Amino acid sequence: MATQSENIDEKALLDSVPTGLLIDGTWQDASNGATFAVEDPATGETLLSIANATVEDGQRAMDAAANAQEAWSRTAPRERAEILRRAFDMVTARSEEFAALMSMEMGKPLAEARGEVTYGAEFLRWFSEEAARIGGRYAVSPDGKSRLLVQKKAVGPCLLITPWNFPLAMATRKIAPAIAAGCTMVLKPAALTPLTSQLFASVLMEAGLPAGVLNVIPTKDAGGVTGPIIKDSRLRKLSFTGSTPVGKSLLKDAADNVLRTSMELGGNAPFVVFEDADLDAAVDGAMIAKMRNMGEACTAANRFIVHKSVAKDFADRLAERMSELTTGRGLDPDTKVGPLIDQKSRDKVEELVSDATSKGAQVLTGGKAVPGAGYFYEPTVLTDVAADSTILAEEIFGPVAPVITFETEDEAIAHANNTEYGLVGYVYTKDLNRALRVSERMDTGMLGLNAGVVSNAAAPFGGVKQSGLGREGGFEGIEEYLSTQYVGIAGV
């Protein structure tokens, strides 16, 4: 019987990926002819070499977006909606190609990559439906002497910067609402995983997106290329998903032109298990919340805060489940855990585990890098983690679950909120009153209640504190790409 990997013609798939820059509707070489290699993190081998945009290329992309803005913003909402709907259908029809490509360049198991295609495509469908529902209002002024007209307008040209860990979903989550709102864009995909964005951009062109509306500039010189774009007076919005330090730097740069900003930054998600929780459900949820994308997700459970009375049982069950996971290349049908994205990322995970164990943490399973090619790390569970361990303060971005304990509800909430981040939290309890109390006291933008995953195209995604600004997805997502104009009308 053929395996999944045998059904995928990797060479043909890679041959279908554009390798140039998309500027004003055409695929072009970099102005200096430079390219960079995109690596398979499971093998270290080069998948493709693609154009490496220069500062000049970035400016040409900005020119194209600015020149296309007025005509695009006047396009009928239904026309924008139909382009998005066609793109949804095309991505769905080519789901196996997108899944395999993501697995190859990012490392995630094929089953997870398929899930991302479904999730990512849903933003196209959701915002195709929102495009025709951009509203406003008309009212009589309180004194009756004038009329108030409030209308929504496209913000204008946007710079979209996406991360490497969800190559399709992070692109669609930004591009779809921008298209729906009538904004033009310059997309700078992550240099580690740009191939999915390249393929997606080609689909949008096939779906009828006009030239100049979306421009794509992969580059190894992210700051050098995007810096002048952020300083360009024609740019109106910056949307970034990535680390908090980089986000802070971009916010400072954006302040000069008072840009509209959306920032989806780092996380340090608490996973709280109360004594009355359904432990089977909690372990199931923990596996999803921790191991989705090998733990390389801003929504990944980072700290497992478990009631003392059930902590050992929970940790033992979690360790047993983690020990059963098979590491390997994502296209291998037996793989449950793919590689980390690069050597630097694996080194960081090793350092965090080493710091924790040096302070007394016990390793229930895993605890070391997998020898051989690729950047693999064993699924790991740690207990007896000291309060001053770095792993409790920093985003792990790897398959490691540190478990700490608590005795009272107040103590659990204090542990959960003891972080500069506030993206998402997870709570397991059967007590409805407790669930509501805890949800009100948790300093997070999102909360999974007896659920290990919260991401949904129909829901507002985003955090508080140093996890970011703004929301993506849901009814709120399109508002990030719209400005409000009030027109005062003299007595009617």
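Everything that follows concerns the structure shown earlier in this document.
Our subject in this report is the structure included herewith.

Scoring rules and cut-offs
- Residues numbered from 1 in each chain as written.
- Predicted model: local features only at pLDDT ≥ 70, side-chain atom pairs only at ≥ 80, totals over all residues.
- Heavy atoms only, no water.
- Helix = DSSP H or I, 4+ residues; strand = E, 2+ residues; numbered from the N terminus.
- Contact = heavy atoms within 4.5 Å.
- Buried < 20%, exposed > 50% of the residue type's maximum accessible area, 1.4 Å probe, protein only.
- Pairing = 2+ DSSP bridges.
- Disulfide = S-S within 2.5 Å.
- Core = buried A, V, L, I, M, F, W, Y, C linked by side-chain atoms within 4.5 Å.
- Axes fitted to C-alpha atoms, helices over the stretch in contact; angles between N-to-C directions.
- Salt bridge = Lys/Arg side-chain N within 4 Å of Asp/Glu carboxyl O.

One can find Leu192 in the loop between strand S8 (185–188) and helix H7 (195–206). Along the backbone, Leu192 and Asp342 are 150 residues apart, and their C-alpha atoms lie at a distance of 8.7 Å. Apart from the residues lying within four places of it in its own chain, the contact partners of Leu192 are Val38, Glu105, Trp164, Ile341 and Asp342.

This brings us to the pairing of strand S15 (residues 380–383). Because side chains alternate across S15, one face comprises the buried residues Thr380 and Leu382, and the other comprises Val381 and Thr383, equally buried. Of the pairings in the sheet, the one linking S15 to strand S16 (residues 400–406) comprises three bridges and is parallel in character. Considered in S16, the bridge of Leu382 is made with Pro402.

Mapped onto the elements of the fold, Thr172 is located in helix H6 (residues 169–181). Relative accessible area serves as the criterion here: at 1%, Thr172 is assigned to the buried category. With sequence-adjacent residues up to four places away left out, Thr172 is seen in contact with Gly120, Phe123, Leu124, Pro177 and Phe200.

This next bit is on the state of the cysteines. Under the counting rule described, the total for this entry stands at zero disulfides. Free of any disulfide, Cys158 has its nearest neighbouring cysteine sulfur in Cys183, separated by 4.1 Å.

With that out of the way, let us pick up the nonpolar core. Membership of the largest hydrophobic core comes to 133 residues, with the highest contact counts inside it found for Ile175, Phe271 and Phe314. If you tally residues by element for this core, the top one is helix H5 (residues 110–131), at 10 residues. With residues up to four places along the chain from it excluded, the contact list for Phe314 reads Phe271, Val273, Leu279, Ala282, Val283, Ala286, Phe304 and Val306.

This next bit is on the sheet that holds strand S22 (residues 482–489). Spatially, three strands are ordered S5-S6-S22 in an open sheet, and the strand pairing comes out antiparallel. Two strands bound the open sheet, and with one partner strand each, they are strand S5 (137–140) and S22. Pairwise comparison of adjacent strand axes, ignoring direction, gives a mean angle of 20° for this sheet. Of the strand pairs in this sheet, strand S6 (residues 147–154) and S22 are connected by eight bridges, and their pairing is antiparallel. Each residue of the ladder has a partner; that of Gln151, found in S22, is Gln485.

Considering all chains together, one arrives at 29 salt bridges under this definition. A salt bridge links Arg114 to Glu96; the nearest nitrogen and oxygen atoms lie 2.7 Å apart. Placement of the pair is Arg114 in helix H5 and Glu96 in helix H4 (residues 95–106), with a sequence separation of 18 residues. On the accessibility criterion, Arg114 (27% relative accessible area) is partly exposed. Accessibility expressed as a relative area gives 38% for Glu96, which makes it partly exposed. Of the charged contacts, one joins Arg173 and Glu264 as a salt bridge, the two residues approaching to 3.3 Å between their closest N and O atoms. Of this pair, Arg173 sits in helix H6 while Glu264 sits in strand S11 (residues 260–264); the two residues are 91 residues apart in sequence, bridging distant segments of the chain.

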